[in-house]
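# A structural walkthrough
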Amino acid sequence: MGRRTVFWGWAVLLTLTVIFASQPVGLEAQFSFALLAIMGMCAIKWLGLRGIWMHVFMTLAAAIVLRYMYWRATSTIPPVSEPLNFTFGSLLFAAEIYSVGMLVLSFFIVSDPIARDEAPLTGDERDWPSVDVFVPSYNEDLDIVGQTHAAARNLDYPADRLTVWLLDDGGTDQKCHDSDPVKAREAGERRATMQRFCADLGVRYLTRARNEHAKAGNMNHALPHSSSDLILVLDADHVPTRDFLKRTVGHFQRDPRLFLVQTPHFFVNPDPVERNLETFHHMPSENEQFYSVMQRGLDKWNGTFFCGSAAILRREALLEAGGFSGESITEDCETALELHSRGWNSVYVDRAMIAGLQPESFESFIGQRSRWCQGMLQILLLKRPMFRRGLTPAQRLAYTSTPLFWLFPISRLIFMTAPALYVFCDLQIYNASLREFFAYTMFFLISNVLAQNLIYGRVRWPWVSEVYEYVQSLHLTGAIASVLLNPRKPSFKVTAKGQTLEHGHLSPLAWPFFISFAGLAATTGFALWRIFVEGVADELLLIVTAWSIFNLVIGGIALGVVTERPERRRHPRVATNAPARLHLADGTSREARLLDCSSGGTQVAIVGGPVAAGPVTSGQRARLEVLAKPDATSGYYFDVDIRSTRGLGNNTRLGLAFDDLSATDRRALATI
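Notes on the structure in this doc start here.

Cut-offs and rules
Residues numbered from 1 in each chain as written. Predicted model: local features only at pLDDT ≥ 70, side-chain atom pairs only at ≥ 80, totals over all residues. Heavy atoms only, no water. Helix = DSSP H or I, 4+ residues; strand = E, 2+ residues; numbered from the N terminus. Expected span 1.5 Å × (residues − 1). Buried < 20%, exposed > 50% of the residue type's maximum accessible area, 1.4 Å probe, protein only. Contact = heavy atoms within 4.5 Å. Phe/Tyr/Trp six-rings, centres within 6.5 Å; stacked < 30°, edge-to-face > 60°. Lys NZ or Arg CZ within 6 Å of the ring centre and 35° of its normal. Salt bridge = Lys/Arg side-chain N within 4 Å of Asp/Glu carboxyl O. Pairing = 2+ DSSP bridges.

For an α-helix the count is 3.6 residues per turn, leaving residues at separations of three or four pointing the same way. Over its 24 residues, helix α19 (residues 511-534) extends 34 Å from the first C-alpha to the last, a length consistent with the 34 Å expected when each residue adds 1.5 Å. Where α19 is concerned, the buried positions are P512, F513, S516, L520, T523, T524, A527, R530 and I531. Elements in contact with the buried residues of α19: α14 (362-383), α16 (408-425), α18 (464-485) and α20 (539-561). Note on α19: the residue one or two positions beyond its end, G535, has a positive phi of about 85°.

Written out as structure tokens, the structure reads:
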């Protein structure tokens, strides 16, 4: 079915569901209907049914949700004659309307996600589109920038059709002539270092006079200096695989109106939530929900948007729009909105082909999310995508839902504080009996969990979103207020990457979480005391107490998130299994195998060699020879320091640190 047919089919189905949901029925009938609907949803999920059954599933979920909302609107909101109860009860209901609205929009967007076929390049190599690789950089050091550029130089693409650029905003004339002599000297040294590295690696270096319009301005400055048909944009810490271009460029040959091929961002290190809770190796990453489900769903509606990196854009389209958009601080989504509204198309290739870094500290994590939040709200307020000419109805919904999502801190804080209004102030903001709670609210919550589990499945554990939203909400609320008061005020701030945390400590942003936890604990404790004193006759108190206990659990988990664990390794290691030889100063060699590797060092396992020559000890210098394949006679050589040893003989594992990597070394390292 075409996009338009599916869109209007959903519109009609939703209308009929709303009509059904508004029909008054008794409590027993509601309980029976909701139970049958939940059983139907469970059957569809457990049987693994897809296709039209996905629409049936979502219709059942929508019916439960809309019946709940109808009941809430007509039976539970306090009367206007009780001003305090009505005001706070209406705020709580507004937060629920927002949450349900976002749920419905997500249902629509992911109702029929696309799994793209391969688009191999066709024709003679000499006729393939030429590609410029833009790597904007600001304050990243050579270890990070060098790894990305080395991998970009190794891309499997005709050399005469590929040009790699370092767009250095850390070495601009403005920074090199800063009024602070220390900053000016550092910028000058950075510029000289990066220029030497680029010359050695065969990369073009480009800086500019002033740091204007942040990343968008940096890339726009590079457009007239370059000339290729396509532009691959990589963040400075995003290392591409060799086959990136061969798996993406073919889509541009298929569609002359294609402006974007976006691929997912894959991260080799945990974010602060994953690291501090020690869930990185067990729990799906937060970004998987967006890249594995949401972007594929957006692709159905020609609504996949540019995510700032790991993407290829057509120069012709960018020039038509005047370059990368920069009115907001999320230039990526804004650029895609501009080009979609001009009739250009996008494609999402769901294959992870870059390895990047996430913020290491909770403070930098919140800084990154604040920028995303403010930038998206700028787009909502300044660009008004719902009314943007040139967009299809589905694209308007897609570009509206994504910015609206970032209002979640407001609803989240309302849900966290609402129980205290009843427990301490006895405000009647949610009038319901225990029987009504089970007939409506319980089934609403169950259907919500089932729907999210079916849609996101393996990429999102239940209640994980609650933790991520809560830990962001306490700080993003101020960011939201700032952009709502002055949409043009927020400025672009670079997210720190490659940090180390030598010692465990509380994040500087931790104190609001302890205050919040104290409030949640006091609310829960007082609620339990009231139950003990007043008994269980007050059914609403039982409901509110359970709600408060749930909030307290989320608040307690958040305390673990803001308790920073040490992270002494500056360069995250990537698992590998490359054959190698370790040549020692005494003239002997050991057959070895690389276990993991980064630009800082590697861990190897000794798999053979002259044990009689003596053990390998830390403190020695050696040469590491990494073989291109097991039967190779020679490979790439790296000078290394042996930093640690474990085991003996052929069971030894060594920690090796690379010594003064050259540009050639970095390029060789990128092939491992």
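Once that is clear, we can look at the packing of aromatic side chains. Across all of its chains, the model carries 22 aromatic pairs by this definition. Residues F108 and W301 carry aromatic rings whose centres are separated by 4.5 Å and whose planes lie at 20° to one another, so their mutual orientation is stacked. Here F108 is found in helix α4 (residues 83-109), whereas its partner W301 is found in the loop between α11 (286-300) and β7 (311-314), with 193 residues between them in sequence. Ring geometry for W372 versus W406: centroids 6.5 Å apart, planes at 75°, classification edge-to-face. Of this pair, W372 sits in helix α14 while W406 sits in the loop between α15 (393-405) and α16, and the two are 34 residues apart along the sequence. Overall, the relative accessible area of 32% leaves W372 in the partly exposed class. In textbook terms, an aromatic cluster arises when at least three aromatic residues are bridged by ring pairs, as seen for Y68, W71, Y430, Y440 and F444. Sitting over the ring of W344, R257 keeps its end group 3.8 Å from the ring centre.

On to the pattern of salt bridges. Pairing between side chains of opposite charge can happen when their charged atoms approach one another. Under the definition given, this model contains 34 salt bridges. One salt bridge in this structure joins E286 and R369, with 2.7 Å as the shortest N-O distance. Taken together, the residues E286 in helix α11 and R369 in helix α14 connect sequence positions 83 residues apart. R369 carries the same exposure label as E286, and that label is buried. Its salt-bridge partner being E334, residue K383 comes within 3.5 Å of it at the nearest N-O pair.

On to α15, then. Taking 1.5 Å as the rise per residue, α15 with 13 residues should run 18 Å; its terminal C-alpha atoms sit 18 Å apart, in good agreement. For α15, the set of buried residues is A394, Q395, L397, A398, Y399, T400, S401, T402 and P403.

Where burial is concerned, most of strand β15 (residues 601-608) is hidden: 7 out of the 8 residues are buried. Pairing of strand β14 (residues 589-597) with β15 involves 6 bridges; the strand directions are antiparallel. Paired with L594 across the two strands is V604, which belongs to β15. Linking two consecutive strands that pair antiparallel, namely β14 and β15, is a turn of 3 residues. Bridging between β15 and strand β18 (residues 653-658) involves 5 bridges; their strand directions are antiparallel. Its bridge partner being in β18, G601 is matched across the sheet by A657.

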